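Chains, contacts and geometry: an overview
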Amino acid sequence: MQRKWFIVILGIILIPTCVWLLYDNGENQHAQQLIKREKQLEIAEPSQSTQTREFDLAALADRGLGQPLPTEFLSSWVAEDEYWFVGYPRADVGVEIPFPPGKIAKASTNTEPVNENPGFVGPQSCRECHREKFESFIHTAHFQTSRLASPETVHGAFTEGRNEMTTREENVTFEMVQRNDQLYQRVDFYGWRFEVPMQIVFGSAKMGESYLYWHGDQLYQHNVTYLTDPDRWVNSPGYVDGDAAYARPIPARCVECHTTYADFREERNHYTPGSLILGISCERCHGPGREHVAYHQTHPDSREAKAITNPRQLTRQQQLDICGQCHSGTAPRKTTPFAFRPGDRVTDHFDMSKAHLDDNRVHTSNQLNRLSQSKCFQESEMTCADCHNPHQSERGNMRLFSQRCIQCHDAQACGMAEQIGERIVENCIDCHMPLRNTKKLRFETAAGKLFPPLRDHHVRVDELATEAYLKSIDPAPAVRK
Ligand code: HEC
Ligand code: HEC
Ligand code: HEC
Ligand code: HEC
Ligand code: HEC
Ligand code: HEC
Ligand code: HEC
């Protein structure tokens, strides 16, 4: 009884306080926004009748400008996160951009590297002596995972009718456009339009690809991502449908998992333009190759490898950690970006006690952690290379992967062997390593949410997966009434 009254009284005091605080805070923010907006309007280009005129964005861009912000729009600089917010009266969606409204992203004039490249030369340099490996390697997801954006390297469609992304807010639309050889994402936000160039692609497009652009020496992600299945433009993972968010910084961790090397200047997203070696090269698994290449070029008769790591000569844990630098989720860093070398331990570079294993916000990339929960892994000396040949693209070849299981298991030892018969060697995978949608990898679209499935690396007996697979190979005959 006493406790109940206490709560009621507390409520009477607290609720109005909270409401007042919220109100005050909102008012404050609103007032600040208005002040900032005033300031913003002073520096904006003079703009009469901006609403009615159709702006030539290409001509403005040549002068380093964008469409001026019409007067009824709100805009403010969010200092903490370093972006401009643009709103429209009563709209619950907004724009986030790192460059001022009415301007465009600008190129950096400072191209001097800050750090010395520790010897990464890129995969092309390995070609002359390791031709066979090189020729097959260029078809892998690793090699293709980052590249310069061009009409040839971007998979999404730019043709009319297929180059649009609409949102739940009919006044916010995106259009992917090509001018000469340059690709852009063009945003129409309540009639105010701006363009952001697509300069770098992340993702081999087996699942999808995201786009990056430079503003000065800072790298940012685009709002719109391409999803291969169902061949569509969607909001980037974690983005809110209806917003036009172009101020998400690309942190070093992201670049470190998707490129060979970049000269990292400072947090959160400053890099030396021109320093990036795109694609994941041989050297992320074998170590920087400059010295190895120089040695063998000057000693063409030497058959003994110098200054390069062969993972097979490392311990099991060291081999796992080569893959683990990018395949064991994300964790806070202990060393500088790109410091990991084959032979190092992941735990020397990342604080794995604080790792996001099943959820790394961007996607799972947790194969090492999931695999380590399997009996296969715990009761053998298994490494990733037991199932994956890093020099070849083997994606989708279930028979080949099943052969890798059969290197350790007798297919007949499977409890399902009798029921499935000879076909069992075609696919152990879908039953024991099922595809799983993860709630963490989410794309918002106007039509609802999408969750692309990933292969679960916890090898195990799974009843649901077994049921689904049996149905897929032998659909039950229609039930007669
Ligand atoms: C000028 C020729 C040349 C170039 C260029 C070259 N290598 Fe080699 N590499 C060799 C020779 C010779 C060997 C020793 C024989 C062998 O294993 O094929 C070797 C061996 C290797 C080995 C096996 C090491 C071992 O201990 O078994 C790896 C791994 C390797 N190279 C990686 C690379 C990478 C990565 C690049 C590009 C950055 C590269 N190589 C460029 C000549 C070259
Ligand atoms: C520098 C980071 C990095 C390292 C090191 C790395 N990977 Fe990857 N790996 C990636 C990224 C990023 C992708 C996704 C590429 C894409 O599809 O865009 C990937 C994709 C893959 C795929 C999927 C290929 C496909 O076509 O479906 C396999 C398998 C794989 N990695 C295995 C390995 C193994 C095994 C090792 C260690 C020998 C390893 N990776 C080391 C970053 C890395
Ligand atoms: C810890 C390493 C890691 C980090 C950090 C990371 N990725 Fe990835 N990324 C991967 C791996 C591994 C895959 C393959 C799918 C998986 O395992 O989740 C992948 C897949 C992708 C794909 C889909 C590629 C395809 O077609 O399959 C895109 C696009 C992508 N990443 C973009 C990004 C962007 C943008 C960032 C930073 C904001 C980022 N990634 C951060 C490792 C990483
Ligand atoms: C994702 C990691 C990864 C990448 C990328 C990679 N390798 Fe390897 N490489 C390995 C592993 C792991 C081994 C040991 C294989 C084993 O244990 O069966 C190996 C073995 C080798 C060997 C020696 C053994 C052999 O098969 O001859 C050479 C040479 C080699 N790699 C060259 C290259 C070259 C050249 C490239 C790029 C064109 C490259 N590798 C890319 C992981 C990688
Ligand atoms: C490097 C050897 C090796 C490889 C490769 C391998 N396994 Fe295993 N696996 C083992 C060992 C060892 C065990 C534990 C002893 C046992 O149950 O046979 C095991 C256990 C299992 C189990 C029982 C799991 C449990 O929780 O009881 C299944 C199911 C299984 N493996 C399926 C597979 C499938 C499917 C593949 C291929 C995708 C595979 N294994 C690849 C070595 C391996
Ligand atoms: C249709 C789904 C399905 C396929 C395909 C399949 N398995 Fe199985 N597997 C199962 C199920 C279910 C069990 C558990 C059966 C039981 O307990 O009676 C099992 C059990 C196993 C076990 C554990 C045996 C034990 O008692 O510890 C191994 C190892 C195994 N499978 C390996 C394989 C390999 C290797 C392949 C491919 C050659 C394969 N499985 C194909 C569903 C499948
Ligand atoms: C027991 C066999 C096995 C082992 C060991 C294994 N994988 Fe895989 N992996 C697979 C199979 C099967 C696929 C599915 C390939 C496909 O769909 O084409 C796969 C897919 C992947 C993918 C693509 C992810 C996706 O969902 O599309 C990545 C990345 C990957 N593996 C990384 C690794 C890494 C890193 C390791 C070591 C920590 C590893 N794998 C160990 C069997 C294995």
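None of the values given here were measured: they were computed from a predicted structure. The written sequence of each chain sets the order in which its residues are numbered from 1. Throughout, the order in which chains and ligands are written sets their labels, letters from A for the former and numbers from 1 for the latter. Selection of residues for local features in this predicted model requires a pLDDT of at least 70, selection of side-chain atom pairs for listing and counting requires 80 or more, and totals for whole chains, interfaces and linings are taken over all residues. Calculation of side-chain values draws on the structure's entire complement of heavy atoms; hydrogens and water are dropped beforehand.

By nearness alone, 20 residues border ligand 1, and Cys 126, Cys 129, His 130, His 292 and Asn 310 come closest of all. Pairs of N or O atoms are called polar contacts if they sit within 3.5 Å, as long as, within protein, a hydrogen donor faces a hydrogen acceptor (for residues adjacent in sequence, only side-chain-to-side-chain pairs). A distance of 2.8 Å is found between a nitrogen atom of ligand 1 and a side-chain nitrogen or oxygen belonging to His 130. His 292 is positioned such that a nitrogen or oxygen atom in its side chain is 2.8 Å from a nitrogen atom of ligand 1. Strands are runs of DSSP state E lasting at least 2 residues, helices are runs of H or I lasting at least 4, and numbering of each runs from the N terminus. A total of four residues in the shell around ligand 1 trace back to one element, the largest contributor, which is helix α7 (residues 290-298). Charged residues are taken to be Asp, Glu, Lys and Arg, nonpolar residues to be Ala, Val, Leu, Ile, Met, Phe, Trp, Tyr, Cys and Pro, and polar residues to be all remaining types, Gly included. Taken together, the residues of the shell around ligand 1 break down into seven nonpolar, 11 polar and two charged. Any residue with a heavy atom positioned within 4 Å of a molecule or strand is treated as near that molecule or strand.

This part is about the sheet that holds strand β14 (residues 244-245). A pair of strands counts as paired when DSSP detects no fewer than two bridges linking them. In spatial order, the strands read β1-β2-β3-β14; together these four strands make up an open sheet with mixed pairing. The open sheet has two edge strands with one neighbour each: β1 (74-78) and β14. Sheet topology places strand β2 (residues 83-87) next to strand β3 (residues 95-97); three bridges connect them, and they run antiparallel. Each residue of the ladder has a partner; that of Val 86, found in β3, is Val 95.

So, about the UniProt feature "domain: Cytochrome c-552/4" (unreviewed entry) in the protein. UniProt positions are given in the numbering used here, feature names are shortened, and annotations may be inferred rather than shown by experiment. Look at the UniProt record and you will see "domain: Cytochrome c-552/4" (unreviewed entry) annotated at residues 252-287. Along residues 252-287 one finds 31% helix and 28% strand; the C-alpha atoms at either end are 19 Å apart.

A separate point is the site of ligand 6. Looking at ligand 6, there are 17 residues lining it, with Cys 414, Met 416, Cys 428, Cys 431 and His 432 nearest. One nitrogen or oxygen atom from the side chain of His 432 is found 2.7 Å from a nitrogen atom belonging to ligand 6. Elements with a minimum of two residues in the shell around ligand 6: α14 (429-432) and α15 (463-473). Counted by class, the shell around ligand 6 contains 12 nonpolar, five polar and no charged residues.

Distances define the donors: N, O and S atoms within 2.8 Å of the metal qualify, as do those within 3.2 Å of Na, K or Ca. Water is excluded, so some sites may look unfinished. Of the protein atoms, only Cys 414 (SG) and His 432 (NE2) coordinate the iron atom of ligand 6, at distances of 2.0 to 2.3 Å. Square planar and octahedral sites, with four and six donors, are those where opposite donors lie more than 155 degrees apart and all other angles lie between 65 and 115, tetrahedral sites have four donors with every angle between 85 and 135 degrees, and the rest are irregular. One can describe the site at the iron atom of ligand 6 as octahedral: its six donor atoms subtend angles covering 84 to 177 degrees at the metal. In this pair, Cys 414 is assigned in the loop between α12 (398-406) and α13 (417-420) and His 432 in helix α14, connecting sequence segments 18 residues apart. In this scheme, a residue with accessible area under 20% of its type's maximum is buried, one over 50% is exposed, and one in between is partly exposed, where area comes from a 1.4 Å probe on protein chains only. Classification of His 432 by relative accessible area gives partly exposed; the value is 26%.

Taken together, the four strands give an open sheet; going across it, the order is β5-β6-β7-β8, and neighbouring strands pair in antiparallel fashion. Both edges of this open sheet fall to β5 (164-166) and β8 (192-198), since each of them pairs with a single strand only. Across the sheet, the mean angle from the axis of one strand to that of its neighbour is 20 degrees, orientation sign disregarded. As defined by bridge partners, strand β7 (residues 182-189) adjoins β8 across seven bridges and the pair is classed as antiparallel. Looking across to β8, one finds that Leu 183 is bridged to Met 198. Convention adopted: a line fitted to C-alpha atoms gives each axis, helices being fitted over their contacting stretch, and angles between N-to-C directions are expressed from 0 to 180 degrees.

With that out of the way, let us pick up α12. Of the residues making up α12, those classed as buried are Met 398, Phe 401, Ser 402 and Arg 404. In an axial view of α12, the angular spread of the buried residues amounts to 150 degrees, which keeps them on one side of the axis. Residue contacts are defined here by distance: any two heavy atoms, one from each residue, within 4.5 Å place the two residues in contact. Summarising the contacts, the buried residues of α12 are in contact with α14 and β23 (453-455). An arc is given here, and it is the one of the directions from the helix axis to the C-beta atoms.

In this section: the pairing of β2. Taken residue by residue, a regular strand's side chains alternate between the two faces of the sheet. In terms of burial, β2 is largely enclosed, as four of its five residues are buried. Taken together, the five bridges between β1 and β2 define a ladder with antiparallel strand orientation. Residue pairing in the sheet places Ser 76 in a bridge with Phe 85 of β2. Linkage of β1 to β2, two consecutive antiparallel strands, is achieved through a turn of four residues, within which Glu 82 is found at a positive phi near 55 degrees.

Only buried residues count toward a nonpolar core, which is a set of Ala, Val, Leu, Ile, Met, Phe, Trp, Tyr and Cys residues joined through side-chain atoms within 4.5 Å. One finds Phe 174, Phe 189, Phe 194, Trp 233 and Tyr 246 to be the most contacted residues of the largest nonpolar core, which totals 33 residues. Only β2, β3, β6 (172-179), β7, β8, β10 (208-215) and β12 (224-227) provide two or more residues apiece to this core. Ranked by the residues each element gives to this core, the list is headed by β8, at four residues. Those domain boundaries reflect an automatic or database domain assignment. Both domains that meet at this core, namely domain 1 (26-97) and domain 2 (123-283), each give it at least three residues. Membership of the second largest hydrophobic core comes to 16 residues, among which are Ile 200, Leu 212, Trp 214 and Leu 276.

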